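Listed below, chain by chain, are the residues.
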Protein chains: 2
Amino acid sequence: MTVGNTRLDAMVAHLRRQGHRISPQRLEILRELAGSPDHPTAEALHRRLLPRFPAMSLATVYKTITALKQCGEILELQFSDRENRYDAIHPTPHPHCICVECGAVADPPAPDTERFVASLVEASGYAISSHRLDFFGLCPRCRKKHGV
Amino acid sequence: MTVGNTRLDAMVAHLRRQGHRISPQRLEILRELAGSPDHPTAEALHRRLLPRFPAMSLATVYKTITALKQCGEILELQFSDRENRYDAIHPTPHPHCICVECGAVADPPAPDTERFVASLVEASGYAISSHRLDFFGLCPRCRKKHGV
DNA sequence: CTTACTGCAAAAGCTTTGCATCCGT
DNA sequence: ACGGATGCAAAGCTTTTGCAGTAAG
């Protein structure tokens, strides 16, 4: 059962390489991120770790996220009307599906993203370096509840 | 010189139809939006209108934006680390280019957006109703400054 | 040992809300 | 006249920052 540490190891290594230190709290935050495909919020991470670190501060979570952003080891999905969501499992830009009812965020089976991005990059006149592709709608579970 | 009022008229009509009233301030906010292809922030709108309405409150701008959102007559580009930007000229989802240096937002000559969106909608399992396609990079002007 | 990290509390930044008054319709 | 709009100020939420103490390397 030593599989699945790849992402964790990569994050730890990259942080160390950048001069960051790995405290027990930070290690657990990274582990939680590496094992959370649900694109958690900072608060959700904090909540999940409180049992293990009853004194952990939410600021510590944010500071770790800041370090990861600086390393390009986490993707931040910004929202102005709710908490940001994070994806440290796939830190490079890719499409997301966001439920307008329950807020769930998922990685859809991405189709020909490459081609689409390439064509826009070419036509834009901008020197594109990154992108964000969000799709809003009802997730499968909320669809059932509404019979849609 | 009566061209270009189409969007303004549509916004006014839609707001009226929803029971909203059109005050002089509100009319000017709508006019400013209809004539601003630069995706202004709420504060930018406020700033541009102050000469005409020295007592206008920023809250009034936000309240008008809220009414427009309710009517689907404005597109809101949310950000958590800077002010939201608004597009009332093209209120339906479409790609945007955002300059990571100066913050400029532009509508690129969109390519086959339809096909891309359709393919993702189909594969996602979500009942997609809307989307947001952002591309980040240097705008033409900032490219020159950096010789990129 | 040096310097980054932690936890707490305060601050910051943008958007929303409450309220009295004003004004569209 | 009725009920929405305005302006001001206060509140709200999420994220960031300052600081003294602690601990990683």
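Note on the copies: chain A fits chain B at an RMSD of 0.0 Å, the axial shift is 0.0 Å, and the rotation between them is 180°. What the superposition gives is, in effect, a two-fold axis relating one chain to the other. Looking at the interface residues of chain A, 100% of them are also at the interface in chain B, so both copies use one shared face.

Moving on, we come to the protein's contact with DNA strand C. Within the structure, DNA strand C sits among 21 residues, and R21(A), S23(A), R26(A), T60(A) and Y62(B) are positioned closest to it. Among atoms of DNA strand C positioned within 4 Å of the protein, sugar and phosphate together represent 73%. At a separation of 3.4 Å, a phosphate oxygen of DNA strand C approaches a polar side-chain atom of H20(A). A distance of 2.5 Å separates a base oxygen of DNA strand C from a polar atom in the side chain of R21(A). Sorting the residues of the surface near DNA strand C by element identifies α2 (24-34) and α4 (58-71) of chain A together with α4 (58-71) of chain B as the ones contributing at least two each. A breakdown of the residues in the surface near DNA strand C according to their chemical character gives 7 nonpolar, 7 polar and 7 charged.

Now for the packing of helix α2 (residues 24-34) of chain B against α4(B). Residue and element names in this part refer to chain B. Remark: α2 packs on α4, axes separated minimally by 10 Å, with the N-to-C direction vectors making an angle of 70°. On the basis of the axis angle, α2 is roughly perpendicular to α4. The hand of the α2/α4 crossing is right-handed. Note on element contacts: α4 touches α2 through T60, V61, K63, T64, A67 and L68, opposite R26, I29, L30 and L33. Residues that form the contact of α2 with α4 fall into these classes: 6 nonpolar, 2 polar and 2 charged.

Rules of the game
- Residues numbered from 1 in each chain as written.
- Chains lettered and ligands numbered in written order.
- Predicted model: local features only at pLDDT ≥ 70, side-chain atom pairs only at ≥ 80, totals over all residues.
- Heavy atoms only, no water.
- Least-squares fit on C-alpha atoms with pLDDT ≥ 70 in both.
- Contact = heavy atoms within 4.5 Å.
- Near = heavy atom within 4 Å.
- Polar contact = N/O pair within 3.5 Å; in protein donor to acceptor, adjacent residues only side chain to side chain.
- Helix = DSSP H or I, 4+ residues; strand = E, 2+ residues; numbered from the N terminus.
- Nonpolar A, V, L, I, M, F, W, Y, C, P; charged D, E, K, R; others polar.
- Axes fitted to C-alpha atoms, helices over the stretch in contact; angles between N-to-C directions.
- Parallel < 35°, antiparallel > 145°, perpendicular 65-115°, else oblique.
- Left-handed = near helix turned anticlockwise from the far one by under 90°.

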